[in-house]
Each structure stands twice: as C-alpha cells, then as structure tokens.
Amino acid sequence: MASFNRVILAGNLTRDPEVRYTPKGTAVARLTLAVNRTYTTETGEKKEEVSFVDVDAWGRQAEVIAQYMKKGRPLLLEGRLKQDTWEDKNTHQKQSKLKVVLESFTFIDSRGGEGRPAAAPAAPAAAPAAAPAPEPSESEAQPHEEDDVPF
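On a predicted model such as this, the values are computed, not experimentally measured, just so you know. (Residues numbered from 1 in each chain as written. Predicted model: local features only at pLDDT ≥ 70, side-chain atom pairs only at ≥ 80, totals over all residues. Heavy atoms only, no water.)

A. Representation of a nonpolar patch on the surface. Taken together, the side chains of Ile8, Leu76 and Ile108 make up a nonpolar region of the molecular surface, amounting to roughly 250 Å² of accessible area. Take Ile8: it is sitting in strand β1 (residues 7-13). Classification of Ile8 as exposed rests on a relative accessible area of 59%. (Patch = residues over 30% accessible without salt bridge, like charges linked within 9 Å, V, L, I, M, F, W, Y side chains within 5 Å. Areas by Shrake-Rupley, 256 points an atom, 1.4 Å probe, with all protein chains shown as cover. Salt bridge = Lys/Arg side-chain N within 4 Å of Asp/Glu carboxyl O. Helix = DSSP H or I, 4+ residues; strand = E, 2+ residues; numbered from the N terminus. Buried < 20%, exposed > 50% of the residue type's maximum accessible area, 1.4 Å probe, protein only.)

Pasting the structure below:
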C-alpha cells in the first residue's frame, strides 16, 4: 500500500523561533504556528477555533526563519508529519506528540515586505524542496535543492 505524508499550513507564529545547534553545528529551530478555522454552526452562529502546531526546521532554513520571523508574523509552510514518543520520567508512562518537520516555506507577510529578505534562497515560493529534511536524530542537514519549473 502506498503512503503519502505531506502537510501545507498557513498561520501565525505564536512565539519567536527558538534556535539551537546540534553538536556538529546544524541549526534546529522550534516554532509553533497558530492556524485559525472559522465556521458557522447549524444555528447560524459564527465560531472560530485555533489549532497550535509545533514545527521543527533544520539547517539553513532554521537560521533564515529565526533571522526574519518573530511572534505574530504569518508563514506558509510545507512539511511532513512526525510522531515523537518518549517515556515520562515521573509517571513512567509513554507520551507522544505529533509535529511537522519543515521541508519548505514562504514568507507571507502582509506588512508590505517589512523585515523580509531581498531573496531567501531557503524559502522557495513555487518549488518544494527536492531533498527531504533530515530526521531529528541525524546530526547534519541535507542540502536544499530547487526545481526550475517555469509555472
């Protein structure tokens, strides 16, 4: 059976990205994206719900996001779902969390470009990353490549 693991999200950062480095020097940025959904109930009442999604970015993409993105700024991203599991130290129960590993992103700032880089090579607007992002257990990020597609 074939499988497909792809996520596309647009939302606002809930906090400034946190950047750390692996022992071999690879940047890892952790950020949380708030994604809103507005809907109307059967009674005609408008409701809004917010989902908070944890995202990990690796390598140069992590550094670019940390440099240009701050709390409240909008971001469009593409990635894959990853399930982290661990054992709680106090209760010794298994815990798990579903998050997104970033593969490509685009700045979607509505402020007319304030704080945006002139060119963000790690943030292709039309072409997704050709090489997948590394697993968190890997210490070196894979190089980012772009497809040259005219449409």
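There is more to say, and it comes next.
B. Seen up close, the nonpolar core. Counting residues in hydrophobic clusters, the biggest one holds 21 residues, and the most contacted among them are Leu9, Leu75, Leu77 and Phe105. For this core, the secondary structure elements donating two or more residues are β1, β3 (27-40), β4 (46-58), α1 (59-68), β5 (74-87) and β6 (94-107). Sorting elements by how many residues they give to this core places β3 first, with 5 residues. For Leu9, the contacting residues outside a window of four places in its chain are Leu33, Val35, Val53, Leu75, Leu76, Leu77 and Val100. (Core = buried A, V, L, I, M, F, W, Y, C linked by side-chain atoms within 4.5 Å. Contact = heavy atoms within 4.5 Å.)

C. Broad picture of unusual backbone geometry. Phi at His92 takes a positive value of approximately 60°, unusual for a residue other than glycine. Its place among the elements puts His92 in the loop between β5 and β6. Under the relative-accessibility criterion, His92 is labelled exposed at 54%.

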